[in-house]
Amino acid sequence: MDDFKLPRRLEGVQTTLIRQVFERALPDSINLGLGEPDLPTPDFIRREAARVALEEQNGYTSHPGLLQLREKIISDYPNLNLTTSDVVVTCGSQEAMTGAMLSIIDDGDEVLIPDPVFAAYPNVVRLCGGVVKTFRLPQEKDFGFDLDEFKSKISNKTKAVVIVSPSNPTGKIFTETDLREIAAALEGTGAFVISDEIYRDLYFTENRPASISDFYERTIIVSGLSKSLSMTGWRVGWVCSRVKEMMRAENIVHGYLTVCTATVSQKAALLAWSDEARKSIAAAREIYKRRRDFFVPLIQRELGLRAVTPEGAFYTMVDAREYGDDLELSLKLLKHRVITVPGVAFGEELRGFLRISFCADEDKLAEGIRRIKEGLAGQS
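Residues numbered from 1 in each chain as written. Predicted model: local features only at pLDDT ≥ 70, side-chain atom pairs only at ≥ 80, totals over all residues. Heavy atoms only, no water.

A. Representation of the overall build of the protein chain in the model. Within the protein chain, the secondary structure is distributed over twelve helices and twelve strands. The C-alpha atoms of the protein chain give 21 Å as radius of gyration, which agrees with the globular expectation for 380 residues (21 Å, within 12%). For the protein chain, the spread of C-alpha atoms along the principal axes amounts to about 60 × 55 × 55 Å. A burial count over the protein chain gives 55% of its 380 residues as buried. Sequence-distant contacts in the protein chain: of pairs separated by 6 or more residues, those separated by 24 or more amount to 75%. Accessible area for the protein chain stands at about 16,800 Å²; split by element, carbon and sulfur atoms hold 48% of it. Between the averaged position of the 48 positive side-chain charges in the protein chain and that of its 55 negative side-chain charges there is a distance of 1 Å. (Helix = DSSP H or I, 4+ residues; strand = E, 2+ residues; numbered from the N terminus. Rg over C-alpha atoms; globule rule 2.2 N^0.38 Å. Buried < 20%, exposed > 50% of the residue type's maximum accessible area, 1.4 Å probe, protein only. Contact = heavy atoms within 4.5 Å. Areas by Shrake-Rupley, 256 points an atom, 1.4 Å probe, with all protein chains shown as cover. Lys, Arg positive; Asp, Glu negative; His and termini not counted. Charge placed at Lys NZ, Arg CZ, Asp CG, Glu CD.)

B. Spatial organisation of the side chain of Ser 213. Looking at the secondary structure, you find Ser 213 in the loop between strand 6 (192–196) and strand 7 (219–224). Taking the relative accessible area as the measure of exposure, Ser 213 reaches 3% and is therefore buried. Side-chain polar atoms of Ser 213 contact the side chain of Ser 211, separated by 2.7 Å. Setting aside its immediate chain neighbours within four residues, Ser 213 contacts Leu 80, Thr 219, Ile 221 and Arg 242. (Polar contact = N/O pair within 3.5 Å; in protein donor to acceptor, adjacent residues only side chain to side chain.)

C. Representation of the packing of aromatic side chains within the structure. Going through the model one piece at a time under the given rule, you end up with eleven aromatic pairs. Summarising the aromatic geometry, the rings of Tyr 199 and Phe 314 are spaced 5.5 Å apart at their centres and angled 80 degrees between planes, so their arrangement reads as edge-to-face. Residue Tyr 199 is located in the loop between strand 6 and strand 7, and its partner Phe 314 is located in the loop between helix 10 (275–303) and strand 9 (315–319); the two are separated by 115 residues in the primary sequence. For the pair shown, Tyr 199 and Phe 314 are each scored as buried. Through a chain of ring-to-ring contacts, three or more aromatic side chains come together here, namely Phe 135, Phe 145, Phe 150 and Phe 174. The cationic tip of Arg 218 hangs over the ring face of Phe 192; the distance from NZ or CZ to the ring centre is 4.1 Å. (Phe/Tyr/Trp six-rings, centres within 6.5 Å; stacked < 30°, edge-to-face > 60°. Lys NZ or Arg CZ within 6 Å of the ring centre and 35° of its normal.)

D. Spatial organisation of the sheet that holds strand 5 (residues 158–164). The seven strands are arranged 2-8-7-6-5-3-4 in an open sheet whose pairing can be described as mixed. The sheet is open, and its two edges are formed by strand 2 (87–90) and strand 4 (131–136), each paired on a single side. Averaged over all pairs of adjacent strands, the angle between their axes in this sheet comes to 20 degrees, without regard to strand direction. Packing against the sheet, helix 4 (residues 92–104) makes contact with strand 2, strand 3 (110–115), strand 5, strand 6, strand 7 and strand 8 (237–241), and its axis sits at approximately 160 degrees to strand 7. Running over the sheet, helix 5 (residues 120–127) touches strand 3, strand 4, strand 5 and strand 6 and is turned about 150 degrees from strand 4. (Pairing = 2+ DSSP bridges. Axes fitted to C-alpha atoms, helices over the stretch in contact; angles between N-to-C directions.)

E. Fine view of the packing of helix 10 against helix 12 (residues 362–377). For the pair helix 10 and helix 12, interaxial distance at closest approach is 10 Å and the crossing angle is 20 degrees. Taken together, the axes of helix 10 and helix 12 lie roughly parallel to each other. Remark: the crossing between helix 10 and helix 12 carries right-handed chirality. Along the contact surface, helix 10 presents Arg 290, Arg 291, Phe 294, Phe 295, Leu 298, Ile 299, Glu 302 and Leu 303, while helix 12 presents Glu 362, Leu 365, Ala 366, Ile 369, Ile 372, Lys 373 and Leu 376. (Parallel < 35°, antiparallel > 145°, perpendicular 65-115°, else oblique. Left-handed = near helix turned anticlockwise from the far one by under 90°.)

F. The arrangement of the nonpolar core in detail. Counting residues in each nonpolar core, the largest one holds 35 residues, and the members touching the most others are Leu 32, Tyr 288, Phe 295, Phe 314 and Ile 372. Going through the elements one at a time, helix 10, strand 9, helix 11 (326–334), strand 12 (353–357) and helix 12 are the ones with two or more residues in this core. A total of seven residues in this core trace back to one element, the largest contributor, which is helix 10. When residues no more than four places from it in sequence are discounted, the contact partners of Phe 314 are Leu 34, Gly 35, Glu 36, Pro 37, Tyr 199, Leu 202, Lys 227, Tyr 288, Ile 356, Ser 357, Phe 358 and Cys 359. (Core = buried A, V, L, I, M, F, W, Y, C linked by side-chain atoms within 4.5 Å.)

Structure (structure tokens):
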């Protein structure tokens, strides 16, 4: 086996720093690095899954998913006039993202991604043979959009642009003005926009965040139920687009990747558009907002560090540059039984920051900050 050589597409692709930190955590650690809701999946969805498993046949669905589920999904995007052939139900938004990139990226194509961004994106670009290019969301603007920076990075090789709103890791939202400016800058380039909207229902602004799909024709939407309904392990996501040729390619890729999303999960997911589901999503949003309003001031008061107030999702970025290397700091905090994620896991713009999640009740959040404070005391 000594003569084994990785395929070129895997060169430089590694397990994320997030996973590396988690694997070194002590068993009794408080997890403030969590990228999934701590709230349970709603009872009505769990009961429906149990009923379906016991009472119904659950063989393969068609590759793109249950027709009824695709009909529910397109109802979320009334302005796009989608048909059921414009949607593929995937095994979570991770597969949706990967399948979308496999469907459009060729060797040498440039993919423009934000810095910072969810750690999977640059690695998936590389797996697809693409070239990663970044545009800064500057820390001096609290990681908000900078049009001049964005326009300076567009080239005749730009095949796709990634937008994540609300953002993982910063919780920032691209405003409607931002999205219109991005659409105008890309007009005539032929580039796709991959719009990651997995956190779109977890917002703390007055209105639900806008989608760039309303302003740019060549948008590919990636989303799912993992975050809004605490269904991470159910693996129900989707990809949809008005670009029909792209969706035909996506359906083929999906068929070879997974055949279809788990049938029991798909059937239970039909209830995600019910009145009960809307109430559950709204209740979860209020819980996370209450935690945010408790947690960010607590960090600033107890640690004396600036924490960015997120507009959505369930993370805050904490400026810990005075304590040196963020990866080393995150690993040292593991000794104090608290998990955080080094900002550099999401790009150079976050070097020196820690991503801290508020997917825990207020008692655990307070104890987590106490442990971080204890760890920082040993750093000063």
